[in-house]
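A closer look at the structure
Next come the chains, spelled out residue by residue.
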2 protein chains.
Amino acid sequence: MNGLMMDRPLLISSLLTHAESQHGDQEIVSRRVEGDLHRMTYRELGQRARRLANALAAHGIGHGERVATLAWNGHRHMELYYAVSGSGAVLHTVNPRLHADQAAWIAEHAVDQILFFDLSFLPLVETIAPRVASIKAFVAMTDRAHMPASTTIPNLLCYEELLEAHSPAFDWPEFDERSASSLCYTSGTTGNPKGVLYSHRSTVLHAYAAALPDALCYSGSDTVLPVVPMFHVNAWGIPYIACMVGAKLVFPGPRLDGPSLHELFEAEGVTVSAGVPTVWQGLLAHVEANGLKFSTMRRTVIGGSACPPAMVQSFQERHGVQVVHAWGMTETSPLGSVCRLQTRHLELDASQRLAIQAKQGRAVFGVEMKIVDAHGERLPNDGLVTGELMVRGPWIASGYYRGEGAGPVVDGWFPTGDVSTIDAEGFMQISDRSKDVIKSGGEWIGSIDLENIAVAHPAVAAAACIAARHPKWDERPLLIVVKKPGHELSRDELLGFYEGKIARWWTPDDVVFVDSIPLGGTGKVQKNVLRDAWRDHLLAQA
Amino acid sequence: MNGLMMDRPLLISSLLTHAESQHGDQEIVSRRVEGDLHRMTYRELGQRARRLANALAAHGIGHGERVATLAWNGHRHMELYYAVSGSGAVLHTVNPRLHADQAAWIAEHAVDQILFFDLSFLPLVETIAPRVASIKAFVAMTDRAHMPASTTIPNLLCYEELLEAHSPAFDWPEFDERSASSLCYTSGTTGNPKGVLYSHRSTVLHAYAAALPDALCYSGSDTVLPVVPMFHVNAWGIPYIACMVGAKLVFPGPRLDGPSLHELFEAEGVTVSAGVPTVWQGLLAHVEANGLKFSTMRRTVIGGSACPPAMVQSFQERHGVQVVHAWGMTETSPLGSVCRLQTRHLELDASQRLAIQAKQGRAVFGVEMKIVDAHGERLPNDGLVTGELMVRGPWIASGYYRGEGAGPVVDGWFPTGDVSTIDAEGFMQISDRSKDVIKSGGEWIGSIDLENIAVAHPAVAAAACIAARHPKWDERPLLIVVKKPGHELSRDELLGFYEGKIARWWTPDDVVFVDSIPLGGTGKVQKNVLRDAWRDHLLAQA
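Fair warning: this is a prediction, and the values are worked out from it, not measured in the lab. (Residues numbered from 1 in each chain as written. Chains lettered and ligands numbered in written order. Predicted model: local features only at pLDDT ≥ 70, side-chain atom pairs only at ≥ 80, totals over all residues. Heavy atoms only, no water.)

Things to note about the packing of aromatic side chains
All names here are of chain A.
- Counting across every chain of the model gives 24 aromatic pairs over all chains.
- Here the aromatic rings of Trp 72 and Phe 121 are separated by 5.0 Å at their centres, their planes lie at 40°, and the arrangement is tilted. Here Trp 72 is found in the loop between strand E3 (66-70) and helix H3 (75-86), whereas its partner Phe 121 is found in the loop between strand E5 (112-117) and helix H5 (122-128), with 49 residues between them in sequence.
- A relative accessible area of 16% means that Trp 72 is categorised as buried. (Phe/Tyr/Trp six-rings, centres within 6.5 Å; stacked < 30°, edge-to-face > 60°. Helix = DSSP H or I, 4+ residues; strand = E, 2+ residues; numbered from the N terminus. Buried < 20%, exposed > 50% of the residue type's maximum accessible area, 1.4 Å probe, protein only.)

And the structure:
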């Protein structure tokens, strides 16, 4: 027997119409590629998104067809988020930091029909344009005055002219909430990129869960600046959550350096933000070097890679900004878990609290988590045993776009490739990526703990720990370190810094000082590149 | 094209398993009919709910069959919420304040199979037991020691023995999220009661929306005391929201008087609550008469009927408890709108802020609202024009249980029977029930404004305004008033109190002083009873 409730679908267009009717005057501020600071309201967002939806229809974009973007965080990208998905097509956010070959491969694989791009990416688009046969129109996201004087792209369209030419009257269609809404490729370190295909249902449910008080806790009184790019897992859902709750939005555009971000935080009264550790590192360095402060910032979410406790401490103790450590991946929409201290944790001392905040936290309602051993058997939630983290829920991938075979799911659970513990309170802590874990004499050593200690040393700017081959123990940890400019640091001094902080046999066998550590397209350390370079370092010493 | 996301159903059992795994040690405290204060954890809730699910299965309760409760807010009622719905049956919460005839009619109409009841309701159950043929088992929600010495109910079962007899091992079944989960009858003032049949989908979506920061804003650091009964629209969803966010729960049981509530608020450190204005009136009177304070209470949700601004003021200005005015009805699960001040409202002066808080607020995401004229044409959101409030969304009723004909929905919208305005910011304000509105010479006068002014007078304990027949104007407002004990108040003094507060022609024509105002089973004023008694009062004077 079914309930007698209205059969209303969960659709992304409903988020926009909600924001228009309930938060019409709320602001969206964008630093644009053109250099200006643009302001509009949610009411105008609705009008512009409907113009754009009419333009897409005029270009023959059908239900489920892919429309690609190569763009920063800005209001035009936001308009595309709603116009494309709202009208039933699929928004394919391409990562502009990818190599041109990869970007072209992805656009071709997705069979993209139109490509919208920010002017910054004109050279990239000119490179891939002749190679992707499916794209029948290219649109520069700017006005006529800023259109490129010359380009190799045939019939390049102007975004603002396109909007001008179409009516703001458009009825958002209703369709099955399981329909595809957006597409984001993961930049795997091996094999071809894999496309994760979100649905309207998964996107709306994810937004509900992510906005909850113990998750991101965004409200209509907040001013949100998403540092995380809109080409990384839909900026962690913030473009959707902002419409759901009516928060003021501030888009930083292309300038993600410390000074630009700090200026924008202060000028627009940003209260909450979200991004990966590497961005915060730049911002904190700028703030500390110049004796600045955060006047309005109350809280930031940090995810994408593990957040070192030293960064949590710096934000909270020196700047009064609460850190919310979170975990997720492209395949999890991305929010899987959030680390929020509860009232009872306030009784703990600072170091105990910091130890909890080093964890990636508890599953938000909607996501289930478990850890399993090599045979897929469930392991206990005792905070000690490590196993592969498995997740399931309505916003977790069941397969990959145009994927072959049965897809990644094992008995209804998605294997994350992360190795973690889960404690009795449900707090999960990632110890490593399963492919990065260091297998020393049959025991596992997680690289994240070793890296967190290294970056807490005042002379260390960045650190990565990899598995190096060893004649006796198979693998041993090797630390790769970038020193802070103007600081001296010896191998022995740094290894001595581990004493008392970790089991002695976890201490790295050696330290290699380098000028920089390679980061991939999503800002994560490319450990495979480091392993290729240093895998035999310990053997050579032996 | 569908997205490639897991097809996981939204089920009530998932709320419980989430609470067990993520908030296992969190407390549920219950003041019980037996007189004691009972404590357990969410982990124990899970175990006891599974024992109960096995007991239901042993009694042959099948998918979709109805299990009735006549119970206060307490842990056993909570166990029933999860055991019944979780195992696929339908929880029918019967309002024990109904007349025995109505309760029997409802139980028969619902074809209830088992009836669980708190000892307080033994006499009521003994009255209806012989009249409801479908009920095959009666269970007293207590232990063996407290079972009634004698009863006319054949084979009366003991709740704690039932749990003891069954295993805590039970796998919650998975099924379509549109399956019915619970049933609540509205106590209409005319015609037979109508059953609203909720689904798992509607319940989970409602919980997500209701927990949002600008709605109830409940978190794992909160201690929630639901004053609103679990037999009124599922206690506004709090039993579900609490599991979703892991809040500590405090159930007040049968004692809802001011002294009992205040003692429990203080003893358990309650931070947030929810209930109808009449309950708060008793609590505030007790607190003020005895010079008490609220040490931990930060916020309460007030709904069910319009909250008089005088009550908002008293809570906020004298006790530091923030009031969140909300609107909903049995047919809306119930949350439709919530009134939350935003940062920009803090610039307003106190009276302007209070005027906003007198509104029932903005639609939570998921609910759409509009007002229409007598022909069903949409009226503008200008904050001035009044029309019938229409709503739609995934937790709004599409029909009534075993209802006849096409059901209540008009063009996909549910007509609420409330008359309201909606302003440009989306804030909705109820001016009256459409059947209570006073039609004076073709113009409408809302009774709520007139009542709010009356109860702001220091000598008024309660007031209701009704339409009385008038020889010239068809209808005119007549005020029915209960004076505070020991206070004097004349008709002319009270009518003079309206001067400058409202358009002169809205002022009531006369005042009738009475000893009490009749309240229905859900604590709302029975205006039909008042109209029957006083409809011709003005004619008689003319």
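A closer look at the sheet that holds strand E17 (residues 368-372) of chain B
All names here are of chain B.
- In space, the 4 strands of this open sheet follow the order E17-E18-E19-E20, with antiparallel pairing throughout. A single partner strand is all that each edge strand has here, and the edge strands are E17 and strand E20 (428-433). Averaged over all neighbouring strand pairs, the angle between strand axes comes to 50°, with direction disregarded.
- Of the strand pairs in this sheet, strand E19 (residues 414-422) and E20 are connected by 5 bridges, and their pairing is antiparallel. Counterpart to Thr 421 in the pairing with E20 is Gln 429. (Pairing = 2+ DSSP bridges. Axes fitted to C-alpha atoms, helices over the stretch in contact; angles between N-to-C directions.)

Focus on the interface of chain A and chain B
- Contacts between the two partners involve 74 residues from chain A, matched on the other side by 74 residues from chain B.
- Buried area between chain A and chain B, both sides added, is near 5800 Å², and the carbon and sulfur share of it is 55%.
- Ranking the residues of chain A by area buried against chain B places Met 1, Met 6 and Phe 365 of chain A at the top, with a combined share of 16%.
- A salt bridge links Glu 177 of chain B to Arg 201 of chain A; its shortest N-O distance comes to 2.7 Å.
- Viewed at the interface, chain B and chain A are joined by 30 residue pairs in polar contact (both at pLDDT 80 or more).
- Going through the elements one at a time, helix H1 (12-22), strand E9 (194-199), helix H7 (200-211), helix H9 (238-245), strand E16 (362-363) and strand E18 (387-392) of chain A are the ones with two or more residues in the side of chain A that touches chain B.
- When residues in the side of chain A that touches chain B are grouped by element, the largest group, 7 residues, is from H7 of chain A. (Contact = heavy atoms within 4.5 Å. Buried area = accessible area lost by both parts, 1.4 Å probe. Salt bridge = Lys/Arg side-chain N within 4 Å of Asp/Glu carboxyl O. Polar contact = N/O pair within 3.5 Å; in protein donor to acceptor, adjacent residues only side chain to side chain.)

With respect to the side chain of His 77 of chain B
All names here are of chain B.
- Within the secondary structure layout, His 77 lies in helix H3 (residues 75-86).
- In this structure His 77 comes out as buried when scored by relative accessible area, which is 1%.
- Within the structure, His 77 has its side chain in polar contact with the backbone oxygen of Trp 72 (distance 2.9 Å).

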